[in-house]
There are 2 protein chains.
Amino acid sequence: MDRADAVQLDDRDPLRHVRQRFVLPDGMIYLDGNSLGSLPHGVRERLESMVDVEWGHDLIASWNTHGWWDLPATTSAKLAGLVGAGPDTVSMGDSTSVQLFKLLVAAARLRPERSVIVTEPGSFPTNSYIASSVAQLLGLTVRWWDAEHSPDIRTVLDDDVAVVALCHVDYRTGWMHDAAQVTAAIHDAGAITLWDVCHSAGAVDIDLSGWDTDLAVGCTYKYLNAGPGSPAFAYVHPRWHDVLDQPITGWHGHADPFALERDYRPAPGVRRVEAGAVPLLAVAAVEAAVDAFDGVAMADVRAKSLALTDLFIDRASARLEPRGVSIEVPREHRHRGSQGCLRLPDAYGFVQALIRRGVVGDFREPDRARFGFVPLYTRYVDVFDAVEHMVAVLDEGEHVRPENTARAVVT
Amino acid sequence: MDRADAVQLDDRDPLRHVRQRFVLPDGMIYLDGNSLGSLPHGVRERLESMVDVEWGHDLIASWNTHGWWDLPATTSAKLAGLVGAGPDTVSMGDSTSVQLFKLLVAAARLRPERSVIVTEPGSFPTNSYIASSVAQLLGLTVRWWDAEHSPDIRTVLDDDVAVVALCHVDYRTGWMHDAAQVTAAIHDAGAITLWDVCHSAGAVDIDLSGWDTDLAVGCTYKYLNAGPGSPAFAYVHPRWHDVLDQPITGWHGHADPFALERDYRPAPGVRRVEAGAVPLLAVAAVEAAVDAFDGVAMADVRAKSLALTDLFIDRASARLEPRGVSIEVPREHRHRGSQGCLRLPDAYGFVQALIRRGVVGDFREPDRARFGFVPLYTRYVDVFDAVEHMVAVLDEGEHVRPENTARAVVT
């Protein structure tokens, strides 16, 4: 494999034309789309129209004439297609933390005779924090599943388990659960499943319906490219639509918001997950960002993600392992998300040195350099060139230079 | 009083120059800024810069280089000045419903030996719904205070009351509580106070510190002009900063978010109210919208609000009462927000007919036509002309024409 081979892979890439839908700064190899996706051109246009025409000119009338009232629902319906969900099974508006809180309380209420929430100690921190908080609030217990050392989930399941809340892809290692299989095991034990697909939505051909999961949450600012802090989504399987009882009973989740009744009556369907007013500028950005997937098959996205990460493993094995760097990318495709880590003692300086060269990844404590591969805009040649920059950083000792090792700020 | 007098009032208005900071469509008299504030020009510029430069070009680096991580805090500090709060006492990000939920649970936890939440049956619906939901979650009881018929709050206070959550201004009638006095009465009974200032923030010279309230929430899309569904804020008195225990323990409220610990440790100060990632496009809009108050004294805002509503009462008394319309605007200044209602049997058609004439208010069930007066951009002449349009609607019978009475959609 040389650079010409990478160029050839790009030439044959069925998603090649999609890259032009994104703003990509000149001279930058952006491998941090798993943290903040690149700006789709369509978002700029959509925001201009929402601000100038809808808000600025049409003002309050836009709730009707421009469909503001339904915008979270219509956007959710578009997004549903990217995660294998039916059109009326997804809601959006609040942050992942808030969505998780709402659904975790609701899940526990679906199993009132049970007293345990299962989650992983290596979850993204919010997931652990919210599980603990909900347990405290409802008088439940958190049981920690150490999936890394005890991979069979059945070892932590019994008749006490109300809900199992897991991250589909590990935010550090990129390790991915076999969600369909794990969901089936949890259902066999009579518990509710809640998947967090923040680190896979938009890069993996997720099939929420096919998994038969009860609930799911996911963010939109990573592989879905909807901008910093953009609203998260919540999925509810239709079997729970009429009974789901979430605790943040704001007026947008009411069956008839403008009847202005004193007592709460949840809306039918997934809309009962909505709480208060949602930030419509941010939802409009989600809508336009989802439109950047127009005509794109998620199977092609997944295939390219695997090919990009395969290439990363190949190149890193050949060029970085001999220089003392460990590669942390799940080797089995079925357990691989769309990111990879390199582990090395000077990972912080390594990431900073790469950023100076225009290769943008991120650092995660204590020793991980993390890189995300976004099938919609990452090229094979980007992966090839990025690894060559890494070689140069190590060979020149840039990763141990003071300007790169000084930790001024969080990243 | 004739039209020339109104023009003269505008000429002498100390806030006259502020109007040009807003986009105001030609030919429209916009009296619905209490529902959705007009677009400040600065928001357009701020969003362009955030989207094109910060997100589009600088990408993930913007969390540091453009202060994204602190943007909710820096924006909150600016906003604090408009509601009489210290700079490190306000947090922002989630919707009013979510902020209310977080603070109401936290408030009850500050009084664990007490079992009652007091609120008003005539609150905005979300406030009633959330109070009931929190009560259910924590095993508490809601006690409804009918302030209209039993104005002395002491009649509902006793040693069982943990928290009293009230709307500062009634969303229908514009009636405003004497917040300092009511807060003192609640504190005398040993309970926690939580004010919702959605319908007063930006139009009334609110003094959260001076009231000595424990907690408050408010939205930013009404008189603060930050756009549809823009994020709400939460205020926490410094005396609770180190003990406040809110339940949506997302990573942004953690003392050290990037330490990625398994257990939650709340951030010091008001920052512990933050939950997950906040929609930064929407927060940037709040920041720019707050900047539209630059150099504006809230005392001048309040004085103009009262003068505008006085004028509305005068003109409506002279011109509309004789035509069978009742005026619902609190007569006492100390109990008046910045809006007014007219009550008439055909209020829906009346509002629709006015909209056709370019006078935009809104309808609230069952018989209210509601108008908001925004001191930053509403002119005295707007009030004068609006009432003349109302006269014309009634005299021409436009309010009972089928095209105006047909209820196609929610407003």
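Remember, it's a predicted structure, so these values are computed and weren't measured experimentally. (Residues numbered from 1 in each chain as written. Chains lettered and ligands numbered in written order. Predicted model: local features only at pLDDT ≥ 70, side-chain atom pairs only at ≥ 80, totals over all residues.)

Caption draft 1: Looking closely at the environment of F293 of chain B. Among the structural elements, F293 of chain B can be located in the loop between α9 (280-291) and α10 (298-319). Each C-alpha atom, one on F293 of chain B and one on L137 of chain B, is 40 Å from the other, the two residues being 156 residues apart in sequence. (Helix = DSSP H or I, 4+ residues; strand = E, 2+ residues; numbered from the N terminus.)

Caption draft 2: Fine view of the packing of helix α9 (residues 280-291) of chain A against α9 of chain B. At their nearest, the axes of α9 of chain A and α9 of chain B sit 7 Å apart, and the two run at 145° to each other. Taken as a pair, α9 of chain A and α9 of chain B cross one another with a handedness that is right-handed. Seen from α9 of chain A, the contacting residues are L281, A282 and A285 of chain A; seen from α9 of chain B, they are L281, A282 and A285 of chain B. For the contact of α9 of chain A with α9 of chain B, a count of residues per class yields 6 nonpolar, no polar and no charged. (Axes fitted to C-alpha atoms, helices over the stretch in contact; angles between N-to-C directions. Left-handed = near helix turned anticlockwise from the far one by under 90°. Contact = placed C-beta atoms within 7 Å. Nonpolar A, V, L, I, M, F, W, Y, C, P; charged D, E, K, R; others polar.)

Caption draft 3: Layout of the relation of the copies chain B and chain A. Rotating chain B by 180° and translating it 0.0 Å along the rotation axis places it on chain A, where the RMSD comes to 0.0 Å. Taken together, the turn and the small shift mark the pair as related by a two-fold rotation axis. Rotation axis and chain B: the residue whose C-alpha lies nearest the axis is A282 of chain B, separated from it by 3.1 Å. Looking at the interface residues of chain B, 100% of them are also at the interface in chain A, so both copies use one shared face. (Least-squares fit on C-alpha atoms with pLDDT ≥ 70 in both.)

Caption draft 4: Examining the sheet that holds strand β9 (residues 326-328) of chain B more closely. All names here are of chain B. Taking strand neighbours across the sheet as the criterion, the 4 strands line up as β9-β10-β13-β12 in an open arrangement whose pairing is antiparallel. On the outer flanks of this sheet lie β9 and β12 (362-364), each paired with one strand and no other. Each strand axis lies, on average, 30° off the axis of its neighbour in the sheet, ignoring direction. Relative to strand β10 (residues 339-343), β9 runs antiparallel, the two sharing 3 bridges. The residue of β10 that forms the bridge with I327 is L342. (Pairing = 2+ DSSP bridges.)

Caption draft 5: Representation of the domain arrangement of chain A within the structure. Residue and element names in this part refer to chain A. When cut into domains, chain A gives domain 1 (3-40 + 296-405) and domain 2 (44-291). Computed over C-alpha atoms only, the centres of domain 1 and domain 2 are separated by 29 Å. In this assembly, 27 residues from domain 1 lie in contact with 21 residues from domain 2. Where the side of domain 1 that touches domain 2 is concerned, the elements lending two or more residues are α10 (298-319) and β10 (339-343). Sorting elements by how many residues they give to the side of domain 1 that touches domain 2 places α10 first, with 5 residues. Counted by class, the side of domain 1 that touches domain 2 contains 10 nonpolar, 11 polar and 6 charged residues. (Domains from an automatic or database assignment.)

Caption draft 6: Spotlight on the interface of chain B and chain A. Facing 69 residues of chain B, the contacting portion of chain A comprises 69 residues. Elements supplying a minimum of two residues to the side of chain B that touches chain A: α2 (41-58), α3 (62-65), α5 (96-110), α6 (125-138) and α9 of chain B. Across the side of chain B that touches chain A, the residue classes break down as 41 nonpolar, 20 polar and 8 charged.

Caption draft 7: Geometry of the confidence of the model for chain A. Here chain A averages 96 in pLDDT, while 99% of its residues score no lower than 70. Confidence metrics for the complex model read pTM 0.97 and ipTM 0.96. (pLDDT = per-residue confidence, 0-100.)

Caption draft 8: Geometry of helix α11 (residues 347-356) of chain A. Residue and element names in this part refer to chain A. Burial of α11 is extensive: 8 of the 10 residues sit out of reach of the surface. Every buried residue of α11 is listed here: A347, Y348, G349, F350, V351, Q352, A353 and L354. Buried residues along α11 sit in contact with β10, β11 (359-360), β12 (362-364), β13 (368-372), α12 (380-396) and α13 (402-405). Just past α11, the residue G358 takes up positive phi, approximately 90°. (Buried ≥ 20, exposed ≤ 12 C-beta atoms within 10 Å, placed from the backbone.)

Caption draft 9: View of the pairing of strand β13 (residues 368-372) of chain B. All names here are of chain B. For β13, the buried fraction is high: 5 of the 5 residues fall into the buried class. Here β13 shows a buried face lined by R368, R370 and G372 and a second buried face lined by A369 and F371. Pairing geometry for β10 and β13, over 5 bridges, is antiparallel. Pairing of C341 across the sheet is with R370, part of β13. Here β12 runs beside β13; their pairing, made up of 3 bridges, is antiparallel. By the bridge assignment for β13, R364 is matched with R368. Counting the residues that bridge the hairpin from β12 to β13 gives 3 residues.

Caption draft 10: Up close: the packing of helix α2 (residues 41-58) of chain A against α9 of chain A. All names here are of chain A. α9 packs onto α2 with a crossing angle of 145° between their chain directions and a minimal axis gap of 8 Å. Considering only the axes of α2 and α9, their crossing is right-handed. Facing G42, V43, R46, L47 and M50 of α2, the residues of α9 in contact are L281, A284, A285, E287, A288, A289 and D291. For the contact of α2 with α9, a count of residues per class yields 8 nonpolar, 1 polar and 3 charged.

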